[in-house]
Amino acid sequence: MKELIKNLAAYQAEEPAELVKKRYGLKELARLSANESVYGPSPLAVQALQAVDPAVLNYYPDGQATALRQAVAQVGKVPLESLIFGDGADELIELLTRTILTPGSEMIVPQPTFGEYAIHAQIEAAKTIQVPIDAQSGQVDFDALLAAVTDQTALIFLANPNNPTGVLEKVADIRAFLDKLPSKVILVVDEAYYEFANNPAATCAPLVEQYDNLVVLRTLSKAYGLANLRVGYGIVPAQLFDILQAVRLPYNLSTYQITGGAAAVADQPYLQKVVQQVSQERQDFEICLTKLGLTFYPSATNFIWVKVGDAESVGQKLLEKGYQINAHLNPAWVRITLGTPTQNRAMQEILGQILAK
Ligand SMILES: *Cc1c(COP(=O)(O)O)cnc(C)c1O
């Protein structure tokens, strides 16, 4: 076995809801701990999934995911031959680390950020350098990121908007950072929550053509409401396309993923409705948090990172009332995924009661 992964801790996947409900004697459990969508996918995506002919089942799927490729290229205005698909963005994170990191090389990430990056770096026997965000604003400290670059640096992951903070960085700032970054260092901008920013210009995708060390990741798991379908994609520069295609597993997406994913991406009006609803809920929630005197970073996503003091205890109190949030990421901060309007009002009330004590 690889020596360095003997103590690797598995990614903390969500506990099945039935188990949690049973433990706390709950009739309902609102799972607001994994940034999933409470609105679900486009009905057109569901229809497309149901219409897949079972006669395809004994044949391998389209290894190039052509239908999905065309849908994403058209909506995203990116070239067909810049797209790499994965079994969720997670598979692309794995693919990138597997391709780029060598033993002893270094990967830089902001701290805090999505935990998957460091897990995969460890598997590749690479070193993860964590650069703290600016505590006041929650923004990435680009000067500190740049200062952390060494001869060994091979890869930088930047989730934008970031998870768990929800903070969105300006494309102009990322561009300025790229201009100073040695071209041998690959910058991956993980735009898992891009759609929630509700600003078509908040993406680095158009920069991929200009910077051959830039990769942009997206997923259908969050705003598109398809976490269970497992579809992610990368917009990659020409210099990486062939090698990533060669390293990736040949039939990584099934016909269901390809067909359902293509239909979801094509239904932009549905996505827009979800994004509008989430923006409204986010605004209301932030107003409530301000009234409660709580510290939080302005979010551009479907979740809010908020300082509650004792995260564990607040998480436990919400869970006992049927609201599962993520209280395991930091001792003082919790990450609350926005729920339905009713769920959000209820959580706001519970938070108010907890803090009044
Ligand atoms: C949820 C999330 C992902 C994973 O998405 P999948 O497509 O479901 O694998 C990737 N990056 C970030 C920052 C996330 O929060």
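First things first, this report covers the structure right here in the doc. Quantities reported herein were computed from a predicted structural model and do not represent experimental measurements.

So, how was this worked out
- Residues numbered from 1 in each chain as written.
- Predicted model: local features only at pLDDT ≥ 70, side-chain atom pairs only at ≥ 80, totals over all residues.
- Heavy atoms only, no water.
- Helix = DSSP H or I, 4+ residues; strand = E, 2+ residues; numbered from the N terminus.
- Rg over C-alpha atoms; globule rule 2.2 N^0.38 Å.
- Areas by Shrake-Rupley, 256 points an atom, 1.4 Å probe, with all protein chains shown as cover.
- Lys, Arg positive; Asp, Glu negative; His and termini not counted.
- Charge placed at Lys NZ, Arg CZ, Asp CG, Glu CD.
- Near = heavy atom within 4 Å.
- Polar contact = N/O pair within 3.5 Å; in protein donor to acceptor, adjacent residues only side chain to side chain.
- Nonpolar A, V, L, I, M, F, W, Y, C, P; charged D, E, K, R; others polar.
- Pairing = 2+ DSSP bridges.
- Axes fitted to C-alpha atoms, helices over the stretch in contact; angles between N-to-C directions.
- Contact = heavy atoms within 4.5 Å.
- Phe/Tyr/Trp six-rings, centres within 6.5 Å; stacked < 30°, edge-to-face > 60°.
- Buried < 20%, exposed > 50% of the residue type's maximum accessible area, 1.4 Å probe, protein only.
- Lys NZ or Arg CZ within 6 Å of the ring centre and 35° of its normal.
- Right-handed = clockwise from strand over helix to strand, strands pointing away.

## Description of the overall build of the protein
Then, in step 1: When you go through the protein residue by residue, the secondary structure sums to twelve helices and twelve strands.
Then, in step 2: Relative to the compact-globule value of 21 Å for 357 residues, the protein shows a C-alpha radius of gyration of 20 Å, a close match.
Then, in step 3: For the protein, the exposed area adds up to about 16,500 Å²; of that, 54% sits on carbon and sulfur atoms.
Then, in step 4: Side-chain charges of the protein comprise 28 positive and 37 negative groups, with the mean position of each set lying 6 Å from the other.

## Some remarks on the site of the ligand
Then, in step 1: Close to the ligand lie 13 residues, the nearest being A89, D190, Y193, T219 and K222.
Then, in step 2: Note that an oxygen atom of the ligand is positioned 2.6 Å from one of the side-chain N or O atoms of Y193.
Then, in step 3: Between K222 and the ligand, the recorded distance is 3.1 Å, taken from a side-chain N or O atom to an oxygen atom.
Then, in step 4: Considered on its own, the ligand offers 390 Å² of accessible surface; in the complex 94% of this is hidden by protein.
Then, in step 5: A breakdown of the residues in the shell around the ligand according to their chemical character gives five nonpolar, four polar and four charged.

## Side note on the sheet that holds strand β8 (residues 232–235)
Then, in step 1: One open sheet holds the seven strands; their spatial order is β2-β8-β7-β6-β5-β3-β4, and the pairing between them is mixed. Looking at strand neighbours, the two that pair on one side only are β2 (83–86) and β4 (127–132), the edges of this open sheet. Recorded for the sheet is a direction-independent mean angle of 20 degrees between the axes of neighbouring strands.
Then, in step 2: Looking at chain direction, β2 and β8 are connected through four bridges and run antiparallel. Following the sheet pairing, L83 is matched in β8 by I235.
Then, in step 3: Here helix α5 (residues 116–123) sits on the sheet in contact with β3 (106–111), β4, β5 (153–159) and β6 (186–190), set at roughly 160 degrees to β3.
Then, in step 4: Here helix α8 (residues 238–247) sits on the sheet in contact with β2, β6 and β7 (214–219), set at roughly 35 degrees to β2.

## Let's talk about the packing of aromatic side chains
In this description, an aromatic ring pair is defined by two values, namely the gap between the centres and the angle between the planes.
Then, in step 1: Under the criterion given, the structure shown has eight aromatic pairs.
Then, in step 2: On the basis of an interplanar angle of 75 degrees and a centroid distance of 5.6 Å, the ring pair of F114 and Y117 is categorised as edge-to-face.
Then, in step 3: With centroids separated by 4.9 Å and ring planes inclined at 75 degrees, the aromatic side chains of Y193 and F303 adopt a geometry described as edge-to-face. Taken together, the residues span a long stretch of sequence, with Y193 in the loop between β6 and β7 and F303 in strand β10 (residues 303–307) at a distance of 110 residues. Note on accessibility: Y193 and F303 belong to one class, buried.
Then, in step 4: Aromatic ring contacts, followed pair by pair, group F114, Y117 and F157 into a single cluster.
Then, in step 5: In this structure, R335 is placed above the aromatic ring of F303, and the distance from its NZ or CZ to the ring centre is 5.8 Å.

## Some points on the pairing of β6
Then, in step 1: By the criterion of burial, β6 is predominantly enclosed, with five of the five residues buried.
Then, in step 2: Residues I186, V188 and D190 point to one face of β6 and L187 and V189 to the other, with burial holding for every one of them.
Then, in step 3: Relative to β6, β5 is paired through five bridges, and the arrangement is parallel. Across the sheet, residue F157 finds its bridge partner in β6, namely V188.
Then, in step 4: Regarding the hand of the β-α-β motif, the stretch spanning β5, helix α7 (residues 171–180) and β6 is right-handed.

Geometric descriptors of this kind do not, in isolation, establish any biological role.
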